[in-house]
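Fold and geometry: a report
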Amino acid sequence: MELVISLAIGIVFASGIWLVLRPRSFQVLAGLMLMSYAVNLFIFVMGRLWVDAAPLTPAGKTPDPAILADPLPQALVLTAIVIGFATTALYLVVMIGSRGLTGTDHVDGKEPEL
Amino acid sequence: MSLPWLDHLILVPILLPLLVGAALAPLTQGWRRLKFWLSYASVLGMLATSLALIQLTDGGHWKDGMGVYLAANWSAPFGIALLADRLSSLMLLLCALLALAALHFTQMRWGRIGVHFHTLFQFLLMGINGAFLTHDLFNLFVFFEVMLAASYGLVLHGYNAERIRASMQYIAINLAAALLFLLGTALIYATTGTLNMADLAARVPQLQGDDLSLFKIGASVLALAFLTKGAMWPLGFWLPTTYAAASPPVAVMLVLMTKVGAYIVLRMSLLIFSDSAGGAAGFGQEALLYGGMATIVFGAAGMLSTDSAGRMAGYGAIISSGTLLAVIGYGQASLVTAGLYYLIGSTIAVAAFLLLIELIDRIRTPRSAMLALTMEVYAVEDTPVEPVGRGVPAAMAFLSLAFAACALMIAGLPPLSGFVAKFGMFHALLNPIDGSAVPTAGWTLMTLIILSGLIAVISMMRFGVRTFWASGAIEAPKLHRSEVAPVLFLLGLSVLMTVQANSLFGYLARASDDIRSPATTIERVLTHPALPGPTTPTTPATSLDEVTP
């Protein structure tokens, strides 16, 4: 399972990097989103991989750390998703503004001279 | 039992701008005057709070000069802790002073375009203050994002093609840096199991083997994020373009945001990678030293090559960042004090210069043309009133003298604060603590600092000569009091820093002693007691034997 997860994170992140380096702003946006997905998965995995383990303790019981998943990375990932979502939306707005103002979706605001 | 009310002051620099910013959001532009004064009051409140915090930390109210605030009353490694010590209180003061100058400057023009300027400005202050105060890595990320999100909006303030282009790059780079921040934080959590900085400092010495190397990787990735903000070469290419494009009051706050990166690097490297950190001691110092030096070279070269005043200010900020990072990486205790003095002085100098640029620009361009440029696209409900009447007399004399003062401060020539800062750094560099000879790195750093000063003089003089002496028939521009006052205020601060250099150095020496003793910080943060609840639980906590079948 570790191998599958790390491959998945690596491939998604690598695709993100490739897209971020592209000249069109929509590609950059898609790249940033892919990278943030990979990072979110990465944070999640940093709490170790657990199968069938709840992050919460039932009321009235003393928790046994051996059968519980680490809840903190899950909380962190939730925050990271929300913040990433908001900032990406903002980037999208700026992108549309740039498209309207410059008439091109190139990241430099002008078409490269051929 | 409740918390002494003075302890709640630690939270004020975060809560006040948050509440004021939120209250301003629904007000329409018709309430412009009210919005401005509310915003102004909030900044004055922050100023008073930071002065009070300095008094509390330095006056011996809190043990070891550190005030700890446990958010939601969770004791330290579990909840989020806020830490106000001498350094963070001073940074809060610097932030409030710059904000005051920037906000005053917006009174005539910049605060009148764009409905949500004041809201965003308050949120920006909240993020910066939070980043100075928090003692938790992930909370730091959140405050960074608050600060950045507000700055995205503010860089766009006065919407035109140039600003859009600059902020596209600015946003993309900062989003990528935020991802690095998350990666680093996750790796550090995975290896140490904590996000509290003091707890981290306590656990790092025990790390060994794979965990230690993974931790170092995590710390490096995290440092990349801070250094992107702090504009270390080669991560700082975004900075001059963004500074030159942003409106002057916003650019002033951006200068401070660069220093937030340097502040975090300073704090983390002294706390977590101190000499007592076992295998991780002194990690990354050489990278900081040489990276800082490369940054000085990059900034100096850029300053020499550029013609535009905005970019010159940006490169000035890069030089100051580079000097700071090199000073941090040099790893000598006495140097940190002078470095902190330099941090404050150079921030104020670049900020004053950025505000001045707009006023100087009026000599060159007819005012109406510039206004039209600013509001090219933005649908402004009412045209901002040009500062007419009540103009400042002797505008040209003011502009040229203020420019000369800024040039002296940025270049580090006597008699203003820039010189005192450089003198302090050279004094520390030439007097190694153990009395040994000055190492090659020390000589190189001194040479670079002197050269960068020389280059700053050359490029500032070139700009000054072209603007004030050689621009043909120039007409004295109309300046309004509200635009002149902030520049005078910042220059006055610099004079005050020079006159009061002795007491300021004393305070900074105590501040750097604080951050260089990780054991005290660890002890203070981790043993800070949570308050007992208002009612004791009636049912005793479940004991172990109930669970065993």
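Nothing here was measured: the structure is a model prediction, and the numbers come from that model.

Criteria and cut-off values
- Residues numbered from 1 in each chain as written.
- Chains lettered and ligands numbered in written order.
- Predicted model: local features only at pLDDT ≥ 70, side-chain atom pairs only at ≥ 80, totals over all residues.
- Heavy atoms only, no water.
- Helix = DSSP H or I, 4+ residues; strand = E, 2+ residues; numbered from the N terminus.
- Expected span 1.5 Å × (residues − 1).
- Buried < 20%, exposed > 50% of the residue type's maximum accessible area, 1.4 Å probe, protein only.
- Axes fitted to C-alpha atoms, helices over the stretch in contact; angles between N-to-C directions.
- Contact = heavy atoms within 4.5 Å.
- Nonpolar A, V, L, I, M, F, W, Y, C, P; charged D, E, K, R; others polar.
- Pairing = 2+ DSSP bridges.
- Core = buried A, V, L, I, M, F, W, Y, C linked by side-chain atoms within 4.5 Å.
- Patch = residues over 30% accessible without salt bridge, like charges linked within 9 Å, V, L, I, M, F, W, Y side chains within 5 Å.
- Areas by Shrake-Rupley, 256 points an atom, 1.4 Å probe, with all protein chains shown as cover.
- Salt bridge = Lys/Arg side-chain N within 4 Å of Asp/Glu carboxyl O.
- pLDDT = per-residue confidence, 0-100.
- Buried area = accessible area lost by both parts, 1.4 Å probe.

As a further point, take helix H6 (residues 161-192) of chain B. All names here are of chain B. Spanning 32 residues, H6 covers 46 Å between terminal C-alpha atoms, matching the ideal 46 Å at 1.5 Å per step. Here H6 lies mainly inside the structure; 25 of its 32 residues are buried. Remark: Gly193 follows H6 within two positions and exhibits a positive phi of approximately 75°.

Residues and elements named next belong to chain B. At a minimum axis separation of 7 Å, helix H8 (residues 209-229) and helix H10 (residues 248-271) run at an interaxial angle of 145°. Residue-level contacts link Leu222, Phe226, Leu227 and Lys229 of H8 to Met257, Thr258, Gly261, Ile264, Val265 and Met268 of H10. Here the contact of H8 with H10 is built from residues that sort into seven nonpolar, two polar and one charged.

Looking along a regular strand, one sees side chains alternate from face to face of the sheet. Residues and elements named next belong to chain B. Burial along strand S1 (residues 67-70) is two-sided: Gly67 and Tyr69 and Val68 and Leu70, pointing in opposite directions, are all buried. With four bridges joining them, S1 and strand S2 (residues 81-84) adopt antiparallel strand pairing. When the sheet's bridge partners are listed, Val68 is paired in S2 with Leu83.

Right, let's talk about the nonpolar core for a bit. It is characteristic of soluble globular proteins that their nonpolar side chains tend to be buried jointly. Residue and element names in this part refer to chain B. Formed by 223 residues in total, the largest nonpolar core has its most connected members in Ile128 and Met253. Ranked by the residues each element gives to this core, the list is headed by helix H13 (residues 333-364), at 21 residues. Every residue in contact with Met253, bar those within four places of it in the chain, is listed here: Cys95, Leu98, Ala99, Ala102, Phe121, Leu124, Leu125 and Ile128.

In this section: a nonpolar patch on the surface. All names here are of chain B. Side chains of Leu304, Leu451, Leu454 and Ile458 sit close together on the surface and give an oily, nonpolar patch of about 330 Å² of accessible area. Of all the elements, helix H17 (residues 440-469) adds the most residues to the nonpolar patch, at three residues. Of note, Leu451 is situated in helix H17. Note on Leu451: relative accessible area 42%, which makes it partly exposed.

Relative to the 30 Å expected for 21 residues at 1.5 Å per residue, helix H3 (residues 86-106) of chain B spans 30 Å between its end C-alpha atoms, a close match to the ideal helical length. Burial analysis of H3(B) places 20 of its 21 residues in the buried class, which makes it a mostly covered element.

Here we come to the confidence of the model for chain B. Residue and element names in this part refer to chain B. Chain-level statistics for chain B give a pLDDT mean of 83 and a share of 90% at 70 or above. pLDDT under 50 marks residues 367-390. Its contacts with residues more than four places away, or in other chains, come to 43 contacts. Counting interchain partners and residues more than four positions distant, the pLDDT-below-50 stretch residues 540-549 has five contacts. Note on the complex model: pTM 0.89, ipTM 0.92.

This next bit is on the interface of chain B and chain A. On the side of chain A, 31 residues touch chain B, which itself brings 31 residues to the contact. Interface area for chain B against chain A, summed over the two sides, is near 2800 Å², with a carbon-plus-sulfur share of 82%. Counting the contacts that link chain B with chain A gives zero salt bridges. At the level of secondary structure, the elements contributing two or more residues to the side of chain B that touches chain A comprise helix H5 (137-155), H6 and helix H21 (544-547) of chain B. Of the residues assigned to the side of chain B that touches chain A, the class counts are 24 nonpolar, five polar and two charged.

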